[in-house]
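Structural features, examined
The chain contents come next:
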Amino acid sequence: MWKLVKKLFLFLILANILFVIFGIFFNPPITFTQIGGLVKYGKLQRDYISYDDMGGNIKKAVIASEDQLFFTHNGFDYKQIEKAMKKNDKKGKVVRGGSTISQQTAKNVFLWQGRSWIRKGLEVIYTFIIEKIWGKDVILERYLNSIEMGQGVFGIEAASQYYYNKPAKDLTKSEAAWIATVLPNPKKYDPKNPTPYLRKKHGWIMRQMNNIVLK
């Protein structure tokens, strides 16, 4: 029995190593979140594209909205994590997240949605690994190709076609900012029918984009 457990454990380790190495060169064939979207909405709308084909506006918009220290941190923004913990403790529930783009990529590519300590612990491990092995450009490309951006819509190319009928590289600054605006809850928010809160956030993202320098 113990030998079987050891073999299974070694197999899982090897499989994860190969999955991480595979991720340097290729986008994930499918993710747990995409499977969930397919089951719930009966569709999986996505179109993986290269980093260069994404265009600069959406990269700036998402970094401005989600993680302005993306190019300088080691995968974790400890100040934002501390702020999120204090605010959540004060409210008695999760009202603010402190996850970086690297952490969200680890979750979206390798793991599942949810707030369990097991999932969060694995997220930390995967974040550390992809920061060391993938590098920022690969992380951002995998993030923008896999993140949920609507009901059954995944990745920036699919989102750009879904909302604006154009390739991601042709998104205007304002259009890119609108897509980034709905990221916290893309299944609920719609950039074509924005609330006053979303309009305010859109303006803030537009201003913050002026401060983002792509590497």
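Residues numbered from 1 in each chain as written. Predicted model: local features only at pLDDT ≥ 70, side-chain atom pairs only at ≥ 80, totals over all residues. Heavy atoms only, no water.

**Remarks on the overall build of the chain**
Counting secondary structure elements, the chain contains 10 helices and three strands. The secondary structure elements of the chain, listed N-terminal to C-terminal, are α-α-β-α-α-α-α-α-β-β-α-α-α. By residue count, 44% of the 215 residues in the chain fall in the buried class. Counting only contacts in the chain whose residues sit at least 6 apart along the sequence, the fraction spanning at least 24 positions is 66%. Put simply, the chain shows about 12,100 Å² of open surface, and 60% of that area lies on carbon and sulfur atoms. (Helix = DSSP H or I, 4+ residues; strand = E, 2+ residues; numbered from the N terminus. Buried < 20%, exposed > 50% of the residue type's maximum accessible area, 1.4 Å probe, protein only. Contact = heavy atoms within 4.5 Å. Areas by Shrake-Rupley, 256 points an atom, 1.4 Å probe, with all protein chains shown as cover.)

**Observations regarding helix α9 (residues 173–181)**
With seven of its nine residues buried, α9 lies for the most part within the structure. Within the span of α9, buried status applies to E175, A176, A177, W178, I179, A180 and T181. Buried-residue contacts for α9 involve α3 (56–66), β2 (148–150), α8 (156–164) and α10 (196–209).

**Some details on the packing of aromatic side chains**
Tallied over the full model, the rule gives eight aromatic pairs. Measuring from ring centre to ring centre gives 5.0 Å for F19 and F110, while their planes differ by 75 degrees; the resulting arrangement is edge-to-face. In this pair, F19 sits in helix α1 (residues 2–25) while F110 sits in helix α5 (residues 101–110), placing the two residues 91 residues apart along the sequence. Plain terms: the ring middles of Y163 and Y164 are 6.5 Å apart, the flat faces sit at 55 degrees to each other, and that makes the pair tilted. The rings of F19, F110, Y126 and W134 are connected pair by pair, giving a single aromatic cluster. Above the face of the Y51 ring, K59 is positioned so that its terminal group lies 3.5 Å from the ring centre. Between K136 and the ring centre of F70, over which it is positioned, the NZ or CZ distance is 4.7 Å. (Phe/Tyr/Trp six-rings, centres within 6.5 Å; stacked < 30°, edge-to-face > 60°. Lys NZ or Arg CZ within 6 Å of the ring centre and 35° of its normal.)

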